[in-house]
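As a plain string of letters, each chain reads:
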Protein chains: 2
Amino acid sequence: MKRTNQPTINDVARIAGVSKKTVSRVINQSPLLNADTRKRVEDVIAELGYVPNPQARALALRRNFLIGLIHDNPNAQMVLNVQQGMLEVLRDTEFELIVHPVNRGSPTMLADIGQFLERQRPFGVMILPPISENDQMAALCGELGVRYVRMGSAPLDEAPHMVASNDREAVRGAVEHLIESGHKRIGLVQGPHGFRSAFERQKGYEEAIEAAGLPLQRTLIVQGDYKFESGMRAAEQLLDLAPRPTAVFASNDEMAAGVLHVARQRGLNVPQDLSIIGFDDTPIASHLWPPLTTVRWPIATMARAAALKLVSGEGGTAEEDGEASLFVSTLIRRASVAPAAG
Amino acid sequence: MKRTNQPTINDVARIAGVSKKTVSRVINQSPLLNADTRKRVEDVIAELGYVPNPQARALALRRNFLIGLIHDNPNAQMVLNVQQGMLEVLRDTEFELIVHPVNRGSPTMLADIGQFLERQRPFGVMILPPISENDQMAALCGELGVRYVRMGSAPLDEAPHMVASNDREAVRGAVEHLIESGHKRIGLVQGPHGFRSAFERQKGYEEAIEAAGLPLQRTLIVQGDYKFESGMRAAEQLLDLAPRPTAVFASNDEMAAGVLHVARQRGLNVPQDLSIIGFDDTPIASHLWPPLTTVRWPIATMARAAALKLVSGEGGTAEEDGEASLFVSTLIRRASVAPAAG
DNA sequence: TTGTAGGCGTTATCAC
DNA sequence: GTGATAACGCCTACAA
């Protein structure tokens, strides 16, 4: 950044023949201002192309206009949808979005985040799952006085700090859909251990099975880690079973794609021989063959709500603070589910 | 952000019994400093947990430590890979990444970007394709004194402002691979009109066809727009041809997935009846069945190089400015290509 | 090697 | 309504 001769508030004040403070008042829409004066100042501002310096504002106001997005790359589409949702809200404000991925797994993760928060002192941060499930992180934000909103698969914080989807209910609905289609042996490809989303989705599966009076068989539940390959491994295991499950619910689309992949390799027809449901409704779901029945959760909507919570009240578009914090997911029915044979 | 009693440089100075300037020197690693004094100040800093305020620094230095990322959502995976690559470089610096998606199509796009640049005055910006192809944008950065690096499918700016892949060559290689496999009727699903990447990839296709002495048939070239559905439409058109093409090169993976999708619908076997090659090596490519042969370009590497160019010299890790600016893509051979039948 | 004075561009205080 | 004056936290002169 060179020495660009950007005009300052002083230039405006001098040329308009008023004091800095008056210009400041114009910028900040102070109501007690002579209309003439305001007009004059506004003209000068337009003429000079003056733009207030955010750094200086931040310094004087002892606060800045940065919203952080902290995540651990849960999946590209999700991160981007979140960014998009948040930016839709931020666009009309003076806030900017600064992204800060971290490395779950790293033992210094919490310290890293602490450093980030202390350095930048963002006005607020949005935390994506799975690290949003870490209560210490939330506590850290609290201590440092940084607003935060967590995104998760269940309400795990107070409403002002949370946007949650109800994964359990959504999965129950999905599995019920399979049951209604006549399936009795339904496999579950679980998400990784320790993830709240994985836990909730498993609970949803179990609730549906039990509510239908079907036996809950441990062999039908296989551990995955949300990655494609783990879906393949799980499928190997499930399809080796005798009798074979006639349907599989995978806790996310990637793993569902893995299941589909293996079914194909084995010469099975989907959905005739095996019905599959995924979760997330990532683009891959609709691009697979057959298109995947899956659960769509309203990520962008949740992100917008989160951004609104973060900037609401002081500083942002003074929106209702009572933004919804629980969002419902919907089952997207495509071609990967068929009635159970026999 | 509440009134947190974060210690300032003054607190440190007072407690350490030195002047602000001395503390400042410690922070900025000034060499001319008594070791004792330095030690004493450092101790106080550690004790207080003092962290310099970036806003104040930015103000005093008349520059900030923000790197912008401007894009128009070309595709989620790519944007995220870029973010990751850039952040790897930025992590060890005092720079932060601030993302700024824009809306190509919007008539006010250029104005929007101008506003963003004038408000934030980022130290530098990275511009992703396709908007990186817009020369006016680059000019705008130049005028405003904002460093910039463009990412593109061909060198369309001077080295310090460019990280480019050589799409033409990469595609030529891919199509040659098809030709070597015995294919003579090879379809092309083009990218959208006006995109440099689309143009380069088409040229690569044409060069390979011509170099092999094959006829360049206009009916084998179908327009797409980089989206899945357009790949499907293109496939419909290509597969209606008589005789049918035995192979298709699609200018990106999403369209290739669309082609695969339609081939399936028509009961064609891939790759026996139809070979397909895509471009990008997005996750979808390896998750499809059969896994897609495609061209991988080193996005993260390019992003790292770009970030290095942006922060190099003044302010950043004083790296060589002579970072590479042309990167080679490689053909990833998977299962969607087979020798031509007959 | 260290300190003093002044400025970066903005806002808050408190007079007029 | 408006304008001096003093912050905000840091850095660059220039002295000492």
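These numbers come from a predicted model, not from an experiment.

**What about the relation of the copies chain B and chain A?**
At an RMSD of 0.1 Å, chain B and chain A line up after a rotation of 180 degrees and a shift of 0.0 Å along the axis. What we have between these two chains is a two-fold relation. Nearest to the rotation axis, the C-alpha of Ile98 of chain B is located 2.2 Å from it, this being the minimum over chain B.

**Observations concerning the protein's contact with DNA strand D**
What surrounds DNA strand D is a group of 25 residues, the closest being Thr22 and Thr37 of chain A together with Ile9, Lys21 and Tyr50 of chain B. A share of 64% of the atoms of DNA strand D within 4 Å of the protein falls on sugar and phosphate groups. Residue Thr22 of chain A places a side-chain N or O atom 2.4 Å away from a phosphate oxygen belonging to DNA strand D. Breaking the surface near DNA strand D down by element, the ones donating at least two residues are α2 (20-27) and α4 (54-61) of chain A together with α2 (20-27) and α4 (54-61) of chain B. Of the residues in the surface near DNA strand D, the class split is 10 nonpolar, nine polar and six charged.

**Focus on the sheet that holds strand β9 (residues 275-277) of chain B**
All names here are of chain B. Taken together, four strands build an open sheet; the order of strands is β7-β6-β8-β9 and the sheet is parallel. Bordering the open sheet on either side are β7 (221-223) and β9, each of which pairs with just one other strand. Geometrically, the sheet is characterised by an average inter-axis angle of 20 degrees between neighbouring strands, direction not taken into account. When strand β6 (residues 186-190) meets strand β8 (residues 247-250), the two strands line up parallel, connected through four bridges. The partner of Ile186 across the bridge, within β8, is Ala247. Packed on one face of the sheet, helix α9 (residues 196-211) meets β6 and β7 and runs near 165 degrees to β6.

**Details of the interface of chain B and chain A**
Opposite the 53 residues of chain B that make contact, chain A presents 52 residues. Roughly 5,100 Å² is buried in total at the junction of chain B and chain A, and carbon and sulfur atoms are behind 59% of that figure. Summed over the shared surface of chain B and chain A, the result is zero salt bridges. The interface formed by chain B and chain A holds seven residue pairs in polar contact (both at pLDDT 80 or more) in total. Elements with a contribution of two residues or more to the side of chain B that touches chain A: α4, α5 (76-90), β2 (96-101), α6 (109-120), α11 (253-265) and α12 (283-287) of chain B. With seven residues, the single largest contributor to the side of chain B that touches chain A is α5 of chain B.

The rules we used
- Residues numbered from 1 in each chain as written.
- Chains lettered and ligands numbered in written order.
- Predicted model: local features only at pLDDT ≥ 70, side-chain atom pairs only at ≥ 80, totals over all residues.
- Heavy atoms only, no water.
- Least-squares fit on C-alpha atoms with pLDDT ≥ 70 in both.
- Near = heavy atom within 4 Å.
- Polar contact = N/O pair within 3.5 Å; in protein donor to acceptor, adjacent residues only side chain to side chain.
- Helix = DSSP H or I, 4+ residues; strand = E, 2+ residues; numbered from the N terminus.
- Nonpolar A, V, L, I, M, F, W, Y, C, P; charged D, E, K, R; others polar.
- Pairing = 2+ DSSP bridges.
- Axes fitted to C-alpha atoms, helices over the stretch in contact; angles between N-to-C directions.
- Contact = heavy atoms within 4.5 Å.
- Buried area = accessible area lost by both parts, 1.4 Å probe.
- Salt bridge = Lys/Arg side-chain N within 4 Å of Asp/Glu carboxyl O.

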